[in-house]
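Remarks on the overall topology
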Amino acid sequence: RLRGLFIKAGQLGSALTSLLPEPFRVELEGLQDRVPASPPEAARQRVMAELGAAPEALFADFSALPVASASLAQVHRAQLASGVGGDGKAQLRAVAVKVQLDAIARLDLRAIETILRVVGRWFGIRGLREQFREIEAVILSELDFTREAENAAAIGQTLGHGVSVPAVVPERSTRRVLTTEFIDGIKAGDFAALDAAGVDRRAVAERILDAYGAMIFRDGLYHADPHPGNLLVRPAPR
């Protein structure tokens with residue numbers, strides 16, 4: 001119910017396997033991509049404000065209900081016209097439209113700043129103000145989807161080796177709306193689904209470690225929110 005940065009904290013807790021007992025982690029895993037969605041009209045209004053037209057005018061099809069929702073945004077499945085086929089029919093491209101709806105993040109930041117100030121004074125802890133500035137900078141950068149699009153494109157060009165980064169659709173993206181190609185897959189932490197699909201879990205783990213080693217040690221640019229809801233797996237594994 002608190003949404004915003006509190007969901008971020010819950011996502012972190014769900015990924016720290018040594019911190020919480022399993023029943024708590026299982027409950028928190030729902031925060032990775034199954035947070036209750038905002039009303040459909042809210043997403044429609046955001047798209048109109050950012051892209052200057054209604055979703056039905058911008059996309060050949062736009063699902064009013066999101067396929068996933070998390071701390072700062074929700075994702076809607078849509079289709080874009082991508083030309084005409086040899087049979088004369090319009091060709092459609094499946095896309096994911098990430099819409100930023102949660103305006104409470106800035107209020108959360110002010111609340112966190114106040115809490116840290118009180119804690120610092122009460123317990124005599126120095127340096128919490130600087131820690132808050134780091135937190136604030138990270139969160140505010142996450143609210144800029146233009147930057148996210150640039151980073152996704154940069155990482156997508158360098159990764160390779162069985163790792164796909166969804167391609168950005170620039171003409172349908174702004175600071176608060178991000179449109180990319182739609183890629184289906186199994187959440188990396190859904191072991192039952194991975195096993196049912198015949199995916200080698202050890203191979204998945206090795207691929208993830210190889211990818212992160214390349215991003216951190218070779219490229220100096222890496223995906224910094226690697227909870228299982230942000231990593232999808234397809235057979236091969238890819």
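Up top is the structure.
Residues numbered from 1 in each chain as written. Predicted model: local features only at pLDDT ≥ 70, side-chain atom pairs only at ≥ 80, totals over all residues. Heavy atoms only, no water.

1. Structural notes on helix α3 (residues 40-51)
Helix length check: α3 (12 residues) gives 17 Å between terminal C-alpha atoms against 16 Å at 1.5 Å per residue, within 8%. Ala43, Val47 and Leu51 are the residues of α3 that are buried. All buried residues of α3 lie within an arc of 40 degrees about the axis, which places them on one face of the element. Phi turns positive one or two residues past the end of α3, at Gly52, with a value near 80 degrees. (Helix = DSSP H or I, 4+ residues; strand = E, 2+ residues; numbered from the N terminus. Expected span 1.5 Å × (residues − 1). Buried < 20%, exposed > 50% of the residue type's maximum accessible area, 1.4 Å probe, protein only. Arc of directions from axis to C-beta.)

2. Examining the packing of aromatic side chains
Two measures describe an aromatic ring pair: the distance that separates the ring centres and the angle between the ring planes. A complete count under the given rule lists one aromatic pair for this structure. Here the aromatic rings of Phe59 and Phe62 are separated by 5.7 Å at their centres, their planes lie at 35 degrees, and the arrangement is tilted. Residue Phe59 is classed as buried on the basis of its relative accessible area of 4%. The exposure class of Phe62 is buried, given its relative accessible area of 18%. Positioned above the aromatic ring of Phe182 is the side chain of Arg77, whose terminal nitrogen or guanidinium carbon lies 3.9 Å from the ring centre. Positioned over the ring face of Phe191 is Arg201, at 4.5 Å from the centre of the ring. (Phe/Tyr/Trp six-rings, centres within 6.5 Å; stacked < 30°, edge-to-face > 60°. Lys NZ or Arg CZ within 6 Å of the ring centre and 35° of its normal.)

Bear in mind that shape data such as this cannot, by itself, settle questions of function.
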